[in-house]
Amino acid sequence: MPPMEQGSAMTAEEAPSTPVFDTLHVEIEDGVAVLTLDRPDKLNALSAEALEELHAVLDILEEDPDVGGLIVTGAGKAFVAGADIEWMSEIDPLTAADFSRMGQAAFFKLEESRMPVIAAVNGYCLGGGCELAMACDFILASEKAVFGQPEAKLGLVPGFMGSQRLPRLVGTARAKELLLSGRTVDAQEALRIGLAVEVVAPDALLERAKEKMKEILGNGPIALETVKRLVNQGYELDKRTAGSMEAESFGLLFSTDDHAEGIAAFLDKRKAEFTGE
Ligand code: COA
């Protein structure tokens, strides 16, 4: 697939050679892609089609050398109000299991992306939406954000790793309290329990996410990719094995030009110019 054009949305008119999506759109500016889940009449609920499109667009962005960071957000009053309940009302158990695996795989793509990924949570962030946000590297929440894993209210459990990522973020007791009750959490509570890292005025959310991404992308690209992998993989390992991984990565980074540049820039009291090599 061709790289996406900088500063352009993926629409048929502007970029005829790139795919057109029904449930989302992407805009790229200054090396940062903003992926907007865009089915506001259904509060951006995730159907199988939406997940397929998410897979496809993440593959394209991952391969695009001009994209260094990704911000995920939602159109309208929701980030994502969950898996598509209407669609789920008609599926059998095997289709449901496939749907779950498909969502999990899409969200692993976010978690394991080479890029930093910020969730800019603008509103309802429920069920699959909360699972999507938790698969991002961290969450910036609008004051209007509402989080929750309400699956138990539907006689269900999360299907896109909510039962696993939520306890890792907020601890097992708080996660179980939220999963068992299905209650919602406002932005301030999300901040307090460690689900969100910052709460922002609704109008400032996207700008704040871009500003945060710019701050991150000013650092060494290899270091960013490496530290993300160390956190994600190390968290699943025993401390000493994770420590070995860290020591090896630490050593490996000393073979990069970026490390030499970073240290030289500090000693010269100037801003580092990283090349990703
Ligand atoms: N799946 C499918 N459609 C959904 C949806 C979902 N998860 N969440 C919202 N929608 C649809 C509604 O059915 C409605 O469609 P309609 O206009 O064709 O009737 C539209 O989005 C707007 O939602 P509505 O409920 O009218 O908005 P609201 O502001 O009154 O309530 C919520 C917002 C988020 C509280 C409510 O939509 C809700 O509880 N959604 C389900 C949340 C959930 O349980 N998610 C987990 C799924 S596993």
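If you're wondering where the values come from, they're calculated on a predicted model, not measured in any experiment. (Residues numbered from 1 in each chain as written. Predicted model: local features only at pLDDT ≥ 70, side-chain atom pairs only at ≥ 80, totals over all residues. Heavy atoms only, no water.)

Caption draft 1: Highlighting the nonpolar core. With 53 residues, the main nonpolar core has Leu35, Leu61, Leu70 and Phe147 as its most contacted residues. By residue number, the principal contributor to this core is helix α1 (residues 48-63), which donates eight residues. If we ignore the near neighbours within four places in the chain, the residues touching Leu70 are Ala33, Leu35, Leu58, Leu61, Leu110, Met115, Pro116, Val117, Ile118 and Met213. Counting residues in hydrophobic clusters, the runner-up holds twelve residues, among them Val34, Leu140, Val200 and Leu205. (Core = buried A, V, L, I, M, F, W, Y, C linked by side-chain atoms within 4.5 Å. Buried < 20%, exposed > 50% of the residue type's maximum accessible area, 1.4 Å probe, protein only. Helix = DSSP H or I, 4+ residues; strand = E, 2+ residues; numbered from the N terminus. Contact = heavy atoms within 4.5 Å.)

Caption draft 2: Inspection of the side chain of Thr36 at higher detail. Structurally, the position occupied by Thr36 is in strand β2 (residues 32-37). The residues touching Thr36, leaving out its near neighbours within four places in the chain, are Thr23, Leu24, His25, Thr73, Gly74 and Ala75.

Caption draft 3: Just the packing of aromatic side chains, in detail. Counted by the stated rule, this structure contains four aromatic pairs. Here the aromatic rings of Phe107 and Phe160 are separated by 5.5 Å at their centres, their planes lie at 80°, and the arrangement is edge-to-face. Pair noted here: Phe107 is in helix α3 (residues 93-111) and Phe160 is in the loop between β8 (146-148) and α5 (162-170), with a separation of 53 residues, a long-range link. As far as burial versus exposure is concerned, Phe107 and Phe160 are alike and both buried. Ring pairs connect the aromatic residues Trp87, Phe99, Phe107 and Phe160, which therefore count as one cluster. The ring of Phe108 has Arg165 sitting right over it, with the charged end atom 4.9 Å from the ring centre. (Phe/Tyr/Trp six-rings, centres within 6.5 Å; stacked < 30°, edge-to-face > 60°. Lys NZ or Arg CZ within 6 Å of the ring centre and 35° of its normal.)

Caption draft 4: Spatial organisation of the site of the ligand. Close to the ligand lie 15 residues; Lys42, Lys77, Ala81, Ala83 and Ile85 are nearest. Backbone polar atom of Ile85 to a nitrogen atom of the ligand: 2.8 Å apart, as the coordinates give it. Alone, the ligand offers 860 Å² of accessible surface; in the complex the protein occludes 59% of this. Listing elements by their share of the shell around the ligand, those giving two or more residues are α2 (85-88) and β6 (124-126). Counted by class, the shell around the ligand contains ten nonpolar, no polar and five charged residues. (Near = heavy atom within 4 Å. Polar contact = N/O pair within 3.5 Å; in protein donor to acceptor, adjacent residues only side chain to side chain. Areas by Shrake-Rupley, 256 points an atom, 1.4 Å probe, with all protein chains shown as cover. Nonpolar A, V, L, I, M, F, W, Y, C, P; charged D, E, K, R; others polar.)

Caption draft 5: Inspection of the domain arrangement of the chain at higher detail. As far as domains go, the chain holds domain 1 (24-217) and domain 2 (221-268). Centre-to-centre separation of domain 1 and domain 2, based on C-alpha positions: 27 Å. Contacts between the two partners involve eleven residues from domain 1, matched on the other side by six residues from domain 2. Together, Glu111, Arg114 and Arg168 form the three largest contributors to the area buried by domain 1 at its contact with domain 2, with a combined 64%. Inspection of the domain 1/domain 2 interface yields two salt bridges. Lys228 is paired through a salt bridge with Asp137; the nearest N and O atoms lie 3.0 Å apart. The interface formed by domain 1 and domain 2 contains seven residue pairs in polar contact (both at pLDDT 80 or more). Only α3 and α8 (205-217) provide two or more residues apiece to the side of domain 1 that touches domain 2. (Domains from an automatic or database assignment. Buried area = accessible area lost by both parts, 1.4 Å probe. Salt bridge = Lys/Arg side-chain N within 4 Å of Asp/Glu carboxyl O.)

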